[in-house]
Amino acid sequence: MATTVLDAGELHLHPYAVAAAAAALVSMYMVWFWALTRGLSGPRMWPLVGSLPSVVLNRARVHDWIVDNLRSTGEAATYQTCILPMPFLARRQGLVTVTCNPRNLEHILRARFDNYPKGPMWQAAFHDLLGQGIFNSDGETWLLQRKTAALEFTTRTLRQAMARWANRIIKYRLWSILADRCEAAASVDLQDLLLRLTFDNICGLTFGKDPETLSPGLQENPFANAFDSATEATLQRFLFPSFMWRVKKALGVGSERSLRESLATVDQYMTEAIAARKATPSDDLLSRFMKKRDGSGKAFPEDVLQWVALNFVLAGRDTSSVALSWFFWMLMLRRDVERKVVLEIVSVVRETRGDDSRRWTEEPLDFDELDRLVYLKAALAETLRLYPSVPQDSKYVVEDDVLPDGTVVPAGSAVTYSIYSVGRMESIWGKDCAEFRPERWLSADGTRFEPPKDAYRFVAFNGGPRTCLGKDLAYLQMKSIASAVLLRHSVELVPGHKVEQKMSLTLFMKNGLRVHVKPRDLAGYVAAPEDAPQLGAFVIPTTTAAAA
């Protein structure tokens, strides 16, 4: 039977021929898809859409879902999946390698650092908000900012500035707000208070301007709201294929419209802040960068100064406040750990401030007092092991490579390393990996803080050349805030309040941390430290609900 006919100079395909050709193409694709899936070890894949349906179905518990996938691979702690199962694309642009293997992390973050940059997709998604700032740049642009910032973060002056801003906000605003909640017997969202505190603190440290979001009335602040809205809208870009947000941006609709409006507010605020710093320089980070020169010997232009400031605000606010939120939640579940933390704080201030307990809470703790809080630091580190503020990160593969565990990663593909999963793997932390046990961070006699000998078992502060410059400042800020709250108050979770993870780049609590605040009676903490109860095994509870 003829498959084509000529009619008025046109070629017409017979329906049977079209059907046969389509069937052949489908068969060829399915054979190719079967061969592709045989070589991958990740979650179930589907034709055309790959593993995206599994991501969507588990979007409310994506970090724990990744843990489950990695555990299923055994000691390898690595799997590969495809989000774009199309010929010529699947093994490069569509391939994602997910790992929490410490040897792979060391390879990616240190040994082959240059082969695993942020990459074009990440940079494009975050460019409108962060520009070519230190957290969204690679190569020479990143290196120059890193070197400049490193010089400042090692100075005692910056540490003193951090303490000055934090202590002022704690003494005159946080303590007042907590005391008011005590008297009124009203609940408060502790996560919100901590976010406001760290936001005000990092803004003061970065560009010398206190937005006062932590104030008695907890008023809304246009800059803070715009900054939050901009980060949320930027995150939406990262969660979906890039062509979707590019189209929305061109049309000015949805989250892209919100982003544009929010960035206008942020830009105005930053322009005013930079103008103020130029008029009256201070010891803040922005003033310090204004004195520096770029690779050509020129002063940094205003747009670069804005990128620098916003990058540090983003890093300095969310990470510490989120870590502290999880820390206080764990103490509410582990009153024995809370007692040991408070006993340590009391033992320190008793030595430095005398036996009169009224003097213990007159001022926030100073540098020397905070440095002696070894058990508190261990409890914070244990919190970060289980609830890292940044639960995962992604890298772009420049050249074909082989990870230490033998996994082949082709150029153009992506590597995601799950920081959240590292702390939950028996192969890395042992059978008690799911227990909240600060003692794992202490020396045998309990007097010294001892991080793991293998640095890549704990990457809450990243690793390699991109290790967080503000790590010591973060611990300083967290210890200052934690000790200030715990010396004066105890907090209790509001009955029925659900603690759930918010699926975002930072591990926020989805519903906040709603608590009742009560005054701390220090009379029961004057006893010797050996009176503290022994710690028992405690498995961390599930915090990811099924609801989106």
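Residues numbered from 1 in each chain as written. Predicted model: local features only at pLDDT ≥ 70, side-chain atom pairs only at ≥ 80, totals over all residues. Heavy atoms only, no water.

**Q** Whenever I open this one, the overall build of the chain confuses me. Can you help?
**A** When helices and strands are tallied, the chain shows 20 helices and eleven strands. Its C-alpha radius of gyration of 26 Å places the chain within 12% of the 24 Å reference for a compact globule of 548 residues. With respect to the principal axes defined by its C-alpha atoms, the chain has extents near 105 × 55 × 45 Å. Summarising the internal contacts of the chain: among those between residues at least 6 apart in sequence, 73% fall at separations of at least 24. As presented, the chain carries roughly 24,700 Å² of accessible surface, and 57% of it is formed by carbon and sulfur atoms. When the 65 positive and 62 negative side-chain charges of the chain are each reduced to one mean point, those points stand 1 Å apart. (Helix = DSSP H or I, 4+ residues; strand = E, 2+ residues; numbered from the N terminus. Rg over C-alpha atoms; globule rule 2.2 N^0.38 Å. Contact = heavy atoms within 4.5 Å. Areas by Shrake-Rupley, 256 points an atom, 1.4 Å probe, with all protein chains shown as cover. Lys, Arg positive; Asp, Glu negative; His and termini not counted. Charge placed at Lys NZ, Arg CZ, Asp CG, Glu CD.)

**Q** It is not clear to me how the side chain of Glu344 should be interpreted in this structure. Could you clarify?
**A** Relative to the elements of secondary structure, Glu344 occurs in helix H14 (residues 335–353). The side chain of Glu344 is buried and forms no salt bridge, while Lys479, the nearest opposite charge, is found at 7.8 Å. Side-chain polar atoms of Glu344 contact the backbone nitrogen of Leu376, separated by 2.9 Å. Apart from the residues within four sequence positions on either side, Glu344 is in contact with Arg372, Leu373, Val374, Tyr375 and Leu376. (Buried < 20%, exposed > 50% of the residue type's maximum accessible area, 1.4 Å probe, protein only. Salt bridge = Lys/Arg side-chain N within 4 Å of Asp/Glu carboxyl O. Polar contact = N/O pair within 3.5 Å; in protein donor to acceptor, adjacent residues only side chain to side chain.)

**Q** Looking at this structure, I do not really get the nonpolar core. What am I missing?
**A** Looking at soluble globular proteins, one finds that nonpolar side chains tend to be buried together. If you look at the biggest cluster of nonpolar residues, it comprises 135 residues, and the most contacted ones within it are Phe207, Phe223, Leu324, Phe327, Phe328, Trp329 and Leu513. At 18 residues, the largest contribution of residues to this core is made by helix H13 (residues 302–333). Setting aside anything within four residues of it in sequence, one finds Phe328 in contact with Leu190, Leu194, Ala482, Val485, Leu486, Val491 and Leu513. Grouped together as the second largest cluster of nonpolar side chains are nine residues, Ala125, Leu129, Ala230 and Leu263 included. (Core = buried A, V, L, I, M, F, W, Y, C linked by side-chain atoms within 4.5 Å.)

**Q** Before we go on, may I ask you to explain the packing of aromatic side chains in this structure?
**A** Aromatic ring pairs: the centre-centre distance and the angle between the two ring planes describe each pair. Under the counting rule described, the total for this entry stands at 21 aromatic pairs. When the centroid spacing of 5.6 Å and the interplanar angle of 35 degrees are considered together, the rings of Tyr29 and Trp32 count as tilted. Here the residue Tyr29 and the residue Trp32 both occupy positions in helix H1 (residues 15–38), the gap between them amounting to three residues, near one helical turn. In this structure Tyr29 comes out as buried when scored by relative accessible area, which is 14%. Trp32 gets classed as partly exposed once you look at its relative accessible area, which sits at 27%. Judged by centre distance (6.4 Å) and plane angle (75 degrees), the rings of Phe207 and Phe223 are edge-to-face. Residue Phe207 is located in helix H8 (residues 190–207), and its partner Phe223 is located in helix H9 (residues 222–239); the two are separated by 16 residues in the primary sequence. Accessibility classification places Phe207 together with Phe223 in one group, the buried group. (Phe/Tyr/Trp six-rings, centres within 6.5 Å; stacked < 30°, edge-to-face > 60°.)

**Q** Quick question: what am I supposed to make of the sheet that holds strand S11 (residues 514–519) here?
**A** Through backbone hydrogen bonds, the strands of a sheet pair up, either in parallel or in antiparallel fashion. Strand order in the open sheet formed by three strands is S5-S11-S10, with antiparallel pairing between adjacent strands. Either end of the sheet is taken by a strand with one partner, and the two such strands are strand S5 (187–189) and strand S10 (489–493). Direction aside, neighbouring strands of the sheet carry axes that sit 45 degrees apart on average. Pairing geometry for S5 and S11, over three bridges, is antiparallel. Pairing of Asp189 across the sheet is with Arg514, part of S11. Against the sheet, helix H7 (residues 156–184) makes contact with S5, S10 and S11, and its axis sits at roughly 90 degrees relative to S11, the strand it touches most. Most of the contacts of H13 go to S10, to which it runs at about 80 degrees, and overall it touches S10 and S11. (Pairing = 2+ DSSP bridges. Axes fitted to C-alpha atoms, helices over the stretch in contact; angles between N-to-C directions.)

**Q** Before we go on, may I ask you to explain the UniProt feature "transmembrane region" (unreviewed entry) in the chain in this structure?
**A** Look at the UniProt record and you will see "transmembrane region" (unreviewed entry) annotated at residues 16–36. The span residues 16–36 carries 100% helix and 0% strand; its end-to-end C-alpha distance comes to 30 Å. (UniProt positions renumbered as here; feature names shortened; annotations may be inferred.)

**Q** Which parts of the structure should I look at to understand the sheet that holds strand S6 (residues 392–396)?
**A** Strand order in the open sheet formed by four strands is S3-S4-S9-S6, and the pairing between neighbours is mixed. Edge positions in the open sheet fall to strand S3 (78–82) and S6, since each of these has one partner strand only. Shown here is a sheet whose adjacent strand axes are inclined to one another by a mean of 20 degrees, direction ignored. Of the strand pairs in this sheet, S6 and strand S9 (residues 414–418) are connected by five bridges, and their pairing is antiparallel.

**Q** Sorry if this is basic, but what is going on with the packing of helix H17 (residues 374–386) against helix H20 (residues 471–488) here?
**A** The relative placement of two packed helices is expressed as an angle between their axes plus a distance between the axes. Here H17 crosses H20 at 110 degrees, and the two axes come no closer than 10 Å. Overall, the two elements H17 and H20 adopt an arrangement that is roughly perpendicular. Relative to H20, H17 is oriented so that their crossing is right-handed. Within the contact between the two elements, H17 uses Leu376, Lys377, Leu380, Ala381 and Leu384 and H20 uses Tyr475, Met478, Lys479 and Ala482. For the contact of H17 with H20, the class distribution of residues is seven nonpolar, no polar and two charged. (Parallel < 35°, antiparallel > 145°, perpendicular 65-115°, else oblique. Left-handed = near helix turned anticlockwise from the far one by under 90°. Nonpolar A, V, L, I, M, F, W, Y, C, P; charged D, E, K, R; others polar.)

**Q** Explain unusual backbone geometry to me, please; I cannot follow it from the model alone.
**A** Apart from glycine, the bulk of residues carry a negative phi angle, and the bulk of peptide bonds sit in the trans form. The backbone of Ala185 shows a phi angle near 55 degrees, a positive value even though the residue is not glycine. Given a relative accessible area of 61%, Ala185 falls into the exposed group. With a phi angle near 55 degrees, Glu212 is a residue other than glycine that sits in the positive phi range. Looking at where Glu212 falls in the secondary structure, it is placed in the loop between H8 and H9.

**Q** When you look at the pairing of S9 in this model, what are you seeing that I'm missing?
**A** Here is the key point about a regular strand: its side chains alternate between the two faces of the sheet. Within S9, four of the five residues are buried, which leaves the element mostly enclosed by the surrounding structure. Of the strand pairs in this sheet, strand S4 (residues 95–99) and S9 are connected by four bridges, and their pairing is parallel. Directly across from Thr99, in S9, lies its bridge partner Tyr417.

**Q** What's the story with a nonpolar patch on the surface in this structure? I'm lost.
**A** Where nonpolar side chains cluster on the molecular surface, the patch consists of Trp46, Leu48, Val49, Leu52, Val55, Ile83, Leu84, Met86, Phe88 and Leu89 and spans about 870 Å² of accessible area. Here Trp46 is to be found in the loop between H1 and helix H2 (52–57). (Patch = residues over 30% accessible without salt bridge, like charges linked within 9 Å, V, L, I, M, F, W, Y side chains within 5 Å.)

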